Amino acid sequence: MNAPNKSGWKPAMEAAEDGLHNGPQTVTGNRALMLEEPLIFEIGKAEVTGVDLPKIDPAVPTRLAGLHRDDAIGLVGLTEPETVRHYTRLSRQNYGIDLGFFPLGSCTMKHNPRLNEKMARLPGFADIHPLAPQNSVQGALQVIDELATWLKTLTGMPAVAMSPKAGAHGELCGILAIRAAHTAAGNPREVVLVPESAHGTNPATAAFAGYRVEDIPATPEGRVNVAELKARLGPDVAAVMITNPNTCGLFEKDFREIADAVHEAGGYVYCDGANFNAIVGRVRPGDLGVDAMHINLHKTFSTPHGGGGPGSGPVVFSEALAPYAPLPFVKQDDAGEYYLVEEEHREERGPTFGRMTAFHGQMGMFTRALTYMLSHGADGLKQVAEDAVLNANYILRSLEDLLHAPFADSGPCMHEALFGDKDFGGDLSTLDLAKALIDEGYHPMTVYFPLVVHGAMLVEPTETESKASIDQFIEAFRSVAQRALDGDQSMKQAPYYAPRRRLDETAAARKPKLAWSEPEE
Ligand SMILES: *Cc1c(COP(=O)(O)O)cnc(C)c1O
């Protein structure tokens, strides 16, 4: 039986108090297979440990040079079976792509083929060390090189930096290369232009790299206002950062025209390529005049992500920026041997801005992404984009009669469908709809982003969902949308069925409690 819950959380049976369940109040707080699980500090004991360790004889000198601990470490212990149950129970309260549809827009949560995992776990990839002699890890270097070739081919760009470890890290890599190129030409310039609908990481990156960020407004149809952008160009503008397809789920049709104007004014074009899965195999960003673009391997080419990692954000570069790319990069010598070009290879590298990470990037993600590419092939990757776009348009057209779809008249959407909270009844908001969707067994879509749409709901199905699973989602989404439009006040308390109910998300973000302390009785 579980220990009483001391941390102030109300058990899931709280829902019964709302009169929604007519079942009995259980002693344990469990509801059949939905088990309550207290924090490890509430069930473990400091005196308990799951392993037998020999008693330490204080008279025997240690080799810790006096750095050994004299007081208790303050961690609780569990036996092995208790440990297994604790974490298994917690994992059952988690939602993941292996459990159900994960429509989180912009995040591209798609099924991760098991083959990828099998390849990433091969000892020749999983058990090597970044400092291993290069002649002993030729296969791993070849994987990096082959993946680089695929990325350059798919984007139509001549160079790629493989080491950045996430999309935002890749953005920084691209902007630092742009800064280095401008500096080499005599002036780093001052301003980076970012459209209103940009992902939050774009302005953050530009500011972090020392630039002043200026907004470019969107047109009523959800695309960059080209006239306003052109009017703002000048000798102080270092770069524009544009997401394409953009975060309203639309393709920026005037990208080439924008790129030409930016180049004309001596600036560079950064493309946020997080949404590359919508155009992979169909559009080559190099043909659109892009100078630098990160690719989220952990979105476009499957590979699991979430909760902050792991990620991988290689950056492709144009001819103009390639010399400033970070080290290292993989090359092959005349004898066919792979090696890493580093700082000391002065003849082989350009005026690089430096490096992004200690080593060579996320090997596990490289292996997964290359496996995904090779198992799809060139034709399969094209189909990825087509199916992702088809699925999103199916969702858009299945909901536009009910929910406000601000850009439904701007033509087909790309890989994600965008809705707003217009006409919701009473004081109901997007948040209430999202919470009600949890009761239907779905992870909510992305909410309140992009900022250009009131109460935005960004739904991304990805190509790996079947029609049956999308149909079921549409049915559930239509039902909660109708309740929101009708002003169903019970939604204010949703979710009713989740292990935890409404949380104070603002307090959790602003005043996180990072250490457990004994609660006051
Ligand atoms: C995910 C995403 C990013 C940031 O990528 P991370 O890997 O999370 O750092 C940037 N831009 C867009 C449009 C994204 O969807």
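Preceding this section is the structure that the text describes.
Quick caveat, the model's predicted, so the values are computed rather than measured. (Residues numbered from 1 in each chain as written. Predicted model: local features only at pLDDT ≥ 70, side-chain atom pairs only at ≥ 80, totals over all residues. Heavy atoms only, no water.)

### A few points about the overall build of the protein chain
Then step 1. Counting its regular elements, the protein chain contains 15 helices and twelve strands.
Then step 2. Against the 2.2 N^0.38 benchmark of 24 Å for 521 residues, the protein chain shows a C-alpha radius of gyration of 26 Å, consistent with a compact globule.
Then step 3. With respect to the principal axes defined by its C-alpha atoms, the protein chain has extents near 75 × 70 × 40 Å.
Then step 4. With 521 residues in all, the protein chain has 47% of them scored as buried.
Then step 5. In the protein chain, of all internal contacts separated by at least 6 residues, the share reaching a separation of at least 24 is 71%.
Then step 6. Total accessible area computed for the protein chain in this model is approximately 25,600 Å², and 55% of it derives from carbon and sulfur atoms.
Then step 7. Charged side chains in the protein chain number 46 positive and 68 negative. The centres of these two groups are separated by 2 Å. (Helix = DSSP H or I, 4+ residues; strand = E, 2+ residues; numbered from the N terminus. Rg over C-alpha atoms; globule rule 2.2 N^0.38 Å. Buried < 20%, exposed > 50% of the residue type's maximum accessible area, 1.4 Å probe, protein only. Contact = heavy atoms within 4.5 Å. Areas by Shrake-Rupley, 256 points an atom, 1.4 Å probe, with all protein chains shown as cover. Lys, Arg positive; Asp, Glu negative; His and termini not counted. Charge placed at Lys NZ, Arg CZ, Asp CG, Glu CD.)

### Focus on the environment of Asp-236
Then step 1. Considering the arrangement of structural elements, one finds Asp-236 in the loop between helix 9 (226–232) and strand 4 (237–243).
Then step 2. Distance from Asp-236 to Gln-383, taken between C-alpha atoms, is 42 Å for residues 147 residues apart in sequence.
Then step 3. If sequence neighbours within four positions are ignored, Asp-236 has contacts with Arg-189, Glu-190 and Val-191.

### Brief notes about helix 8 (residues 201–208)
Then step 1. The complete set of buried residues in helix 8 reads Asn-202, Thr-205 and Ala-206. Burial along helix 8 is one-sided: seen end-on, the buried residues are contained in an arc of 95°.
Then step 2. Packing partners of the buried residues in helix 8 comprise helix 7 (167–184), strand 2 (191–195), strand 3 (212–216), strand 4 and strand 5 (268–272).
Then step 3. Just downstream of helix 8, Gly-210 is the residue with a positive phi angle, here 95°. (Arc of directions from axis to C-beta.)

### Side note on the sheet that holds strand 11 (residues 446–447)
Then step 1. Taken in spatial order, the three strands of this open sheet run 10-12-11, and their pairing is antiparallel. Two strands in the sheet have a free side with no partner beyond their single neighbour: strand 10 (417–419) and strand 11.
Then step 2. Here two bridges tie strand 11 to strand 12 (residues 457–459), and the two strands are oriented antiparallel to one another. Pairing of Thr-446 across the sheet is with Leu-458, part of strand 12.
Then step 3. Helix 12 (residues 363–399) rests against strand 10 and strand 12 of the sheet, and its axis sits at about 30° to strand 10. (Pairing = 2+ DSSP bridges. Axes fitted to C-alpha atoms, helices over the stretch in contact; angles between N-to-C directions.)

### Details of the pairing of strand 8 (residues 329–332)
The side chains of a regular strand alternate between both faces of the sheet.
Then step 1. Bridge analysis of strand 8 against strand 9 (residues 338–341) gives four bridges, and the strand direction is antiparallel. Each bridged residue has a counterpart across the sheet, and for Lys-331 the counterpart in strand 9 is Tyr-339.
Then step 2. Linking strand 8 to strand 9, which pair antiparallel, is a turn of five residues; within it Gly-336 sits at a positive phi near 90°.

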